[in-house]
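# Summary of the model geometry
Here is how the chains run, residue by residue.
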Amino acid sequence: MFAWLVFFVVSHVAAVFFPGDDPTGDGPWDLRAYVIFNVVLILMAAVGAAVVVATVRPWGRRVPRWVLLTPLWFGSALLVVRGVPGMVENLLMATGIRRGGFVGAEDISTPELWAGLGINTYFFVGAVLIVVTAASYVRRSRGRRQVEGPSDLSSADLRRTNS
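These remarks concern the structure in this document. (Residues numbered from 1 in each chain as written. Predicted model: local features only at pLDDT ≥ 70, side-chain atom pairs only at ≥ 80, totals over all residues. Heavy atoms only, no water.)

## Digging into the overall build of the protein chain
Scanning the protein chain for helices and strands turns up five helices and zero strands. Helices and strands in the protein chain line up, N terminus first, as α-α-α-α-α. The buried share of the protein chain, taken over its 163 residues, is 31%. A total accessible area of about 10,400 Å² is found for the protein chain, and carbon and sulfur atoms account for 69% of it. (Helix = DSSP H or I, 4+ residues; strand = E, 2+ residues; numbered from the N terminus. Buried < 20%, exposed > 50% of the residue type's maximum accessible area, 1.4 Å probe, protein only. Areas by Shrake-Rupley, 256 points an atom, 1.4 Å probe, with all protein chains shown as cover.)

## A closer look at helix α3 (residues 65–95)
For α3, which comprises 31 residues, the first-to-last C-alpha distance of 43 Å matches the rise-based estimate of 45 Å (1.5 Å per residue) to within 8%. One or two steps after α3, the chain reaches G96, where phi turns positive at roughly 85°. (Expected span 1.5 Å × (residues − 1).)

## Topic: the packing of helix α2 (residues 31–54) against α3
Close contact between α2 and α3 brings their axes to 10 Å; oriented N to C, the two are set at 125°. Here α2 lies oblique to α3, going by the angle between them. The crossing of α2 and α3 is left-handed. Facing α2, whose interface residues are M44, V51, V52 and A54, α3 presents L68, P71, L72, F74 and L78. Counted by class, the contact of α2 with α3 contains nine nonpolar, no polar and no charged residues. (Axes fitted to C-alpha atoms, helices over the stretch in contact; angles between N-to-C directions. Parallel < 35°, antiparallel > 145°, perpendicular 65-115°, else oblique. Left-handed = near helix turned anticlockwise from the far one by under 90°. Contact = heavy atoms within 4.5 Å. Nonpolar A, V, L, I, M, F, W, Y, C, P; charged D, E, K, R; others polar.)

## Brief notes about the packing of helix α1 (residues 2–17) against α2
Axis separation between α1 and α2 bottoms out at 9 Å; the angle between their running directions is 160°. Judged by the inter-axis angle, α1 sits roughly antiparallel to α2. Crossing angle aside, the handedness with which α1 passes α2 is left-handed. Between α1, through F2, L5, F8, V9, H12, V13, A15 and V16, and α2, the contact on the second element is made entirely by Y34, V35, N38, L41, I42, A45, A46, G48, A49, V52 and V53. Residue composition of the contact of α1 with α2, by class: 16 nonpolar, three polar and no charged.

## Considerations on the environment of V56
Here V56 lies in the loop between α2 and α3. Residue V56 is classed as exposed on the basis of its relative accessible area, which comes to 55%. Remark: the alpha-carbon pair of V56 and R140, spanning 84 residues in sequence, is separated by 9.5 Å.

None of the figures reported here should be taken as evidence of function without further support.
This is the structure:
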């Protein structure tokens, strides 16, 4: 998941500094809104990367469980909402079941279809990775809480107490 988030940050930083000819995609927003949107995404993904690292590093045990779980579940929800419908839409389009997908883009070209499939696959993989990361952290941190209890006793302290 960390690598996925780092790639996301790098790609959006590149998009801010090298926006191309029409970064707004003919949308109703201007370049400033495009940059703000990308900066928000960059910050969210950077925090997500730090959270993911904290779930597996010893220093992360000092962080309250809810502080790590909140962004993990929030990120899970965002990526599932972005990744799963996009993947379903592209699969419907690629198989010919519904050439225009959910939005009815009947005139989509084959390269656009495959580019969309690649992007949606990326978000789908991100959704799977973050849900697995969150579930793994829930399982591991729940077990740690039961062993350690409410205090910050180390395993050495527990051995001395139980002896």
